[in-house]
Amino acid sequence: MTHEDTNAVGSEIIAIRDMHKWYGNFHALKDINLTVHLGEKIVVCGPSGSGKSTMIRCINRLEGHQKGTIHVDGIELHEDMRNIDIVRQEVGMVFQHFNLFPHMTVLENLTAGPMWVKKLPRAEAEDTARRYLERVKISEQAEKYPSQLSGGQQQRVAIARSLCMEPKVLLFDEPTSALDPEMVSEVLETMEDLAGTGVTMVCVTHEMGFAKAVADRVVFMDEGRIIESGEPVEFFKNPESERTKKFLDQILS
Amino acid sequence: MLYADTVRNRSLSEQPVLIAIIFAVSCVVFALVGLHHTLLALPFLPQPEEHGLVTQGIATLVVAGLFTLNILLISRLRLRLQIFVVWAELFMCFLIFFFAFDLNFPFILTKLPFLLTQGVFTTLYVSAISITIATVLAIFGAIAKLSSNGFAFAIASFYTSMFRGLPLLVQIYLIYLGLPQLGIFVDAVPAGVIALSLCYGAYMTEIFRAGIMSIDKGQWEAARSIGFKFGLTMRRVILPQAVPIIVPPLGNQFIAMLKDSSLVSVLGVWELMYLARTLGQREFRHLEMLLTVAIIYWVMTIVFEIVQGRIESYFQKHHRR
Ligand SMILES: Nc1ncnc2c1ncn2[C@@H]1O[C@H](COP(=O)(O)OP(=O)(O)OP(=O)(O)O)[C@@H](O)[C@H]1O
Ligand SMILES: [Mg+2]
């Protein structure tokens, strides 16, 4: 996006090292190592409860980790940091259940971040907002409330809302799994379109077609560990571990 | 409105058994409370020394019959008209109760202007200031009670426990009589306002807390992940969604506060209740004054209820979920 020329292409944007997370006594993430370079598209998959959501929520510190380190754009995430809001402006997140603000119109949802966090003037924020609404192909819905939109439209608004902050990284947590089948494709198309713009994406999804089309790397998780990761072609053709094979059989059948 | 069923309930006129039951029950009740005497006392009826059992029985049947017929007729009206007629009839019952006291109306009329100006004004401004302060206290109290900061939680929970635990009258005395002991002198009006604010702030803390908790965690996460800080999230995302939910209980508190402001009359503040008592005492016309302020309080409450209804329908229109 706008920042990409300031960083050398391919520099590390997310670096997770030996990271562990516990929920009370439950060891949810074990020894996670993951490096994401600027512009890369990563797809994370794995069975339910394997820790996919937990891992990507650690990247903008919606969840805290207890061991190891996470760096985002060179800033280490830890408990007593004052600049977490700066990191969060760089890292957009799209949720499974959209989480749009129901009391604001679509346009207000989109201008909220730029106006109140970045302190941009309204006119400029609305320009940006309308530009991204066009990108996700719902410019005509700007004055509506989220509850007046279909699920697919809501998710595209949510994507546009993240884009309005012009983040370096976009995190997606199962963006299509709460949608009716006929709406999945419109959201996936939007995401594929986005992938073409060079933004860094980390995407938890079971849409293997999407993974094949855009992913630079597919990461497979099970029981809180990263079991394997690789280029999509290799990953789908010759998965290394038995567990991956079994998972792929289930999901592709 | 509750969930609107698409199946029509059977109307009363289609249910003769129910009508019979209403008639029978009203016969028994009216006989027990002696309502038939009211009918028998009507001036155009002959008035012997004592009515025979038969006459009394017929009178009871007539009264119960009229009552049942009334219900039957009302049940056939359109909804809005139905509500209006029931209101009107209940209000008439209240008026009959009111007039039954043999009140001195010229006396009421001479005092009414003063009650309406001085009394209503003082009551309204004491309540308005108190409710404003209480709302601010409640928002901070609710946030503190939800926070993981030990000091904030401890102070807020001590505050709500204490001010919900002590009778308001005691709080008013404690502030008016207790603070001067510490060298802090407060006038009657500020003392009353402080007591009302603290007490209602404590109740409303719980209302705001419930409202804030009712908002989905995803709203926090969405706001935080765009870079909203805590305060901004609260102000722009959480409270705007919580407020429409808590309007009905807040309306309750406003109305309760309006009437509890009468307790500051013990400090000699010239609000409605104080005026009613002093004016009534001077000329031994207690009931006149009490019933008059009762109606004034009620009218003010009705205004509040209308305003609350307006606010609710505003939120229904503008803040869709
Ligand atoms: N707040 C929490 N408290 C305790 N345990 C949790 C919490 N959130 C998640 N877990 C547990 O952590 C594990 C990983 O959860 P996570 O939501 O990351 O799985 P997931 O891979 O995203 O699964 P799904 O595909 O169903 O979304 C699960 O076993 C879950 O029960
Ligand atoms: Mg998940």
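Since we're looking at a predicted model, the values are computed, not measured. (Residues numbered from 1 in each chain as written. Chains lettered and ligands numbered in written order. Predicted model: local features only at pLDDT ≥ 70, side-chain atom pairs only at ≥ 80, totals over all residues. Heavy atoms only, no water.)

Draft legend 1. Quick peek at the overall build of chain A. Counting its secondary structure elements, chain A contains nine helices and ten strands. The C-alpha atoms of chain A give 18 Å as radius of gyration, which agrees with the globular expectation for 253 residues (18 Å, within 12%). Once the C-alpha set of chain A is aligned to its principal axes, its extents read approximately 55 × 45 × 40 Å. Considering chain A as a whole, with its 253 residues, one finds that 58% of them fall into the buried category. In chain A, of all internal contacts separated by at least 6 residues, the share reaching a separation of at least 24 is 67%. When the accessible surface of chain A is totalled, it reaches about 10,900 Å², and 46% of it is carbon and sulfur. Within chain A, the 39 negative side-chain charges are centred at a point lying 3 Å from the centre of the 28 positive side-chain charges. (Helix = DSSP H or I, 4+ residues; strand = E, 2+ residues; numbered from the N terminus. Rg over C-alpha atoms; globule rule 2.2 N^0.38 Å. Buried < 20%, exposed > 50% of the residue type's maximum accessible area, 1.4 Å probe, protein only. Contact = heavy atoms within 4.5 Å. Areas by Shrake-Rupley, 256 points an atom, 1.4 Å probe, with all protein chains shown as cover. Lys, Arg positive; Asp, Glu negative; His and termini not counted. Charge placed at Lys NZ, Arg CZ, Asp CG, Glu CD.)

Draft legend 2. Highlighting the packing of helix α3 (residues 106-116) of chain A against helix α4 (residues 122-135) of chain A. All names here are of chain A. Packing of α3 against α4 leaves a shortest axis separation of 9 Å and a crossing angle of 125°. Between α3 and α4, the angle is such that the two are oblique. α3 and α4 meet at a crossing whose hand is right-handed. Note on element contacts: α4 touches α3 through Arg122, Ala125, Glu126, Ala129, Arg130 and Leu133, opposite Val106, Leu107, Leu110, Thr111, Pro114 and Met115. Counted by class, the contact of α3 with α4 contains eight nonpolar, one polar and three charged residues. (Axes fitted to C-alpha atoms, helices over the stretch in contact; angles between N-to-C directions. Parallel < 35°, antiparallel > 145°, perpendicular 65-115°, else oblique. Left-handed = near helix turned anticlockwise from the far one by under 90°. Nonpolar A, V, L, I, M, F, W, Y, C, P; charged D, E, K, R; others polar.)

Draft legend 3. Quick look at the sheet that holds strand β1 (residues 12-23) of chain A. Residues and elements named next belong to chain A. Read across the sheet, four strands follow the order β2-β1-β4-β5 without closing on themselves; strand pairing throughout is antiparallel. Strands with a single pairing partner mark the edges of an open sheet, and in this sheet they are β2 (26-37) and β5 (75-76). Most of the contacts of helix α1 (residues 52-59) go to β1, to which it runs at about 125°, and overall it touches β1, β2 and β4 (67-72). (Pairing = 2+ DSSP bridges.)

Draft legend 4. Structural view of helix α11 (residues 272-282) of chain B. All names here are of chain B. Leu272, Met273, Leu275, Ala276, Leu279 and Gly280 are the residues of α11 that are buried. Each buried residue of α11 lies within a common arc of 160° when the element is viewed along its axis, so the set occupies one face. Positive backbone phi, at 50°, marks Phe284, one or two positions downstream of α11. (Arc of directions from axis to C-beta.)

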